[in-house]
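For reference, the chains in residue letters:
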Amino acid sequence: ILYIYLINVIIISMQVEKPKIELYQNRSFGQKLSATFDFLRENYKLWLKACFYLILPLCLVQAFSFETMFSTLMPFYTDALGGMGGFTPSEGLLVRLGLSYFGYFVCVSVGSFLLSSICYAMMKYYRTSPTRLHNTTMKDLKPLIIQSMKRAFLLGLLLVGGWFLILIIVVIFSAMTSLYALFVILVLATVVFIIPLSMAMPVYIFEDDESAWGAVRRSISLGFHSFWSLLGLMIVVGLLANVLQTVTTLPWYISFLVQVVLTSSDAGQDTFANSPIYNFVGYLFSVFMNFGMYLTMSLSTIALAYHYGSVAEEVDGLSVVDDIENFEQLAEEDSDIDNFDKL
């Protein structure tokens with residue numbers, strides 16, 4: 001009898017659905033972390049499927065640029081390990097290194113925008129759908145992902161372009177007036193403002209009526225309002241992500257170290273570490289590492305969104321506005337009143 005009772009309790013607990021994870025809700029530090037992991041745990045199948053279809057193809061190109069960059073630097077590592085220290089890079093090697101690094105930078109930038117678009121598209125659909133993300137397909141998310149990607153790209157251009165414009169003005173003014181301390185002030189201001197500006201992405205994507213410049217101003221306002229809690233959240237989530245990323249980084253790191261050691265010990269000779277098979281295995285490890293990097297980045301991306309929702313609720317009470325806008329939809333979903341005579 002006790003055994004049957006425990007089985008029934010387990011079945012009932014599996015059937016009971018947890019409350020919906022609201023975006024605009026005032027949360028403590030621990031509640032933001034819990035909401036992040038709860039959202040991924042509840043929707044991990046769709047999240048992994050979206051990353052597999054959209055992020056993994058990009059990782060194939062990104063890993064190629066990454067491997068090209070480190071294969072270009074291989075003579076430097078083997079020379080340093082052998083204690084010779086006479087490696088002199090040629091002009092062609094520097095060009096190859098620069099192109100591979102630029103390709104890797106472009107891939108990481110596109111991948112970051114794409115990952116934010118996937119995560120925030122899932123969260124937007126989750127908020128408005130009465131069935132959450134149950135039975136949701138990639139086709140359902142496609143319009144939101146495209147919209148979020150456009151907004152993320154436009155916001156990225158605004159932030160990067162604005163920073164470079166300010167940098168050019170400061171450098172020219174410093175050179176003309178010999179006030180080189182302005183450059184140091186710009187660097188310090190960039191370090192300080194990069195924390196609040198990290199909220200510009202969720203502001204611009206979740207608030208459809210907000211402009212790109214308005215999202216920047218609003219992120220600065222909300223960011224400085226919660227500066228220390230935001231900084232602490234990013235540090236903690238970043239440490240968790242780095243620990244998890246170690247699992248996907250370790251295979252590539254070990255294979256690279258083995259290649260450096262074998263190549264330096266057998267300099268000038270063909271070794272298994274330089275064979276096409278070993279290089280291909282290293283490339284697969286690189287794909288795995290880069291894909292794992294994006295998966296762990298999802299933690300900070302989603303945590304940042306819940307921090308934004310908490311601060312926006314505290315400052316502006318957006319949950320009330322959201323309920324008013326969705327009142328008609330909520331009334332249509334409640335059929336108990338219409339079927340009152342049948343109860």
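The structure under discussion appears in the preceding block.
Quantities reported herein were computed from a predicted structural model and do not represent experimental measurements.

Draft legend 1. Highlighting the state of the cysteines. By the definition in use, this model includes zero disulfides. Distance from the sulfur of Cys119, which forms no disulfide, to the nearest cysteine sulfur (Cys51) is 6.2 Å. According to the relative accessible area criterion, Cys119 is buried, its value standing at 1%.

Draft legend 2. Structural detail: the pattern of salt bridges. The full count for this structure, using the stated rule, is five salt bridges. Of the charged contacts in the structure, one is a salt bridge between Arg218 and Glu207, with a shortest N-O distance of 2.8 Å. In this pair, Arg218 sits in helix α8 (residues 212-225) while Glu207 sits in the loop between α7 (200-206) and α8, placing the two residues eleven residues apart along the sequence. Just as Arg218 is buried, Glu207 falls in that class too.

Draft legend 3. Up close: a nonpolar patch on the surface. A cluster of nonpolar side chains, Leu250, Tyr253, Ile254, Leu257, Val258 and Leu262, forms an exposed patch at the surface whose accessible area comes to about 490 Å². Along the chain, the position of Tyr253 falls in helix α9 (residues 227-265).

Draft legend 4. View of the nonpolar core. Ranked by internal contacts, the top residues of the largest apolar core, which has 71 residues, are Phe39, Ile55, Tyr120, Met123 and Tyr308. Of all elements in the fold, only α2 (29-42), α3 (44-81), α4 (91-128), α5 (138-177), α7, α8, α9 and α10 (276-316) reach the threshold of two or more residues within this core. Here this core gets 14 residues from one element, more than from any other, and that element is α10. With sequence-adjacent residues up to four places away left out, Phe39 is seen in contact with Ile21, Met122, Met123, Tyr126, Leu133, Ile302 and Tyr306.

Draft legend 5. Seen up close, the side chain of Ser219. Within the secondary structure, Ser219 is located in helix α8. What makes Ser219 buried here is its relative accessible area of 0%. For Ser219, the contacting residues outside a window of four places in its chain are Pro196, Leu197, Met199 and Ala200.

Draft legend 6. Seen up close, the packing of aromatic side chains. All chains considered together, the criterion is met by 17 aromatic pairs. Seen in terms of ring centroids, Phe70 and Phe256 are 5.3 Å apart; in terms of plane orientation they differ by 80°. Their pairing is edge-to-face. One end of the pair, Phe70, is in helix α3; the other, Phe256, is in helix α9, with 186 residues separating them in the sequence. Given the relative accessible area of 18%, Phe70 is considered buried. The buried category is assigned to Phe256, whose relative accessible area is 10%. Put simply, the rings of Phe66, Phe70, Tyr104, Trp252 and Phe256 touch in pairs and so form one group of aromatic residues. Over the aromatic face of Tyr126 sits the side chain of Lys20, whose NZ or CZ is 5.6 Å from the ring centroid.

Cut-offs and rules
Residue positions are given per chain, counted from 1 along the sequence in the order it is written. Totals for whole chains, interfaces and linings use all residues, but because this is a predicted model, local features are given only for residues with pLDDT of at least 70 and pairs of side-chain atoms are given and counted only at 80 or more. Heavy atoms throughout the structure, all of them, feed into the side-chain values; hydrogens and water do not. Two cysteine sulfur atoms form a disulfide, by the criterion used here, when they sit within 2.5 Å. Using a 1.4 Å probe on the protein chains alone, a residue whose accessible area is under 20% of its type maximum counts as buried, one over 50% counts as exposed, and one in between counts as partly exposed. A pair is scored as a salt bridge if a Lys or Arg side-chain nitrogen falls within 4 Å of a carboxyl oxygen belonging to Asp or Glu. Where helices and strands are cited, they refer to DSSP runs of H or I of at least four residues and of E of at least two residues respectively, numbered from the N terminus. A residue counts toward a patch only above 30% relative accessible area and without a salt bridge, and it is joined to like-charged neighbours within 9 Å or, for Val, Leu, Ile, Met, Phe, Trp and Tyr, to nonpolar neighbours within 5 Å. The method behind every accessible area is Shrake-Rupley, applied with a 1.4 Å probe, and residues are considered shielded solely by the protein chains displayed. Buried residues of nine kinds, namely Ala, Val, Leu, Ile, Met, Phe, Trp, Tyr and Cys, make up a nonpolar core once their side-chain atoms join them within 4.5 Å. The contact criterion used is simple: two residues touch if any of their non-hydrogen atoms lie within 4.5 Å. Only Phe, Tyr and Trp rings take part, Trp by its six-membered ring, and two of them pair if their centres are within 6.5 Å. Stacked means planes under 30 degrees apart, edge-to-face means over 60, and tilted covers everything else. Whether a charge sits over a ring comes down to the Lys NZ or Arg CZ being within 6 Å of the ring centre and within 35 degrees of the ring normal.

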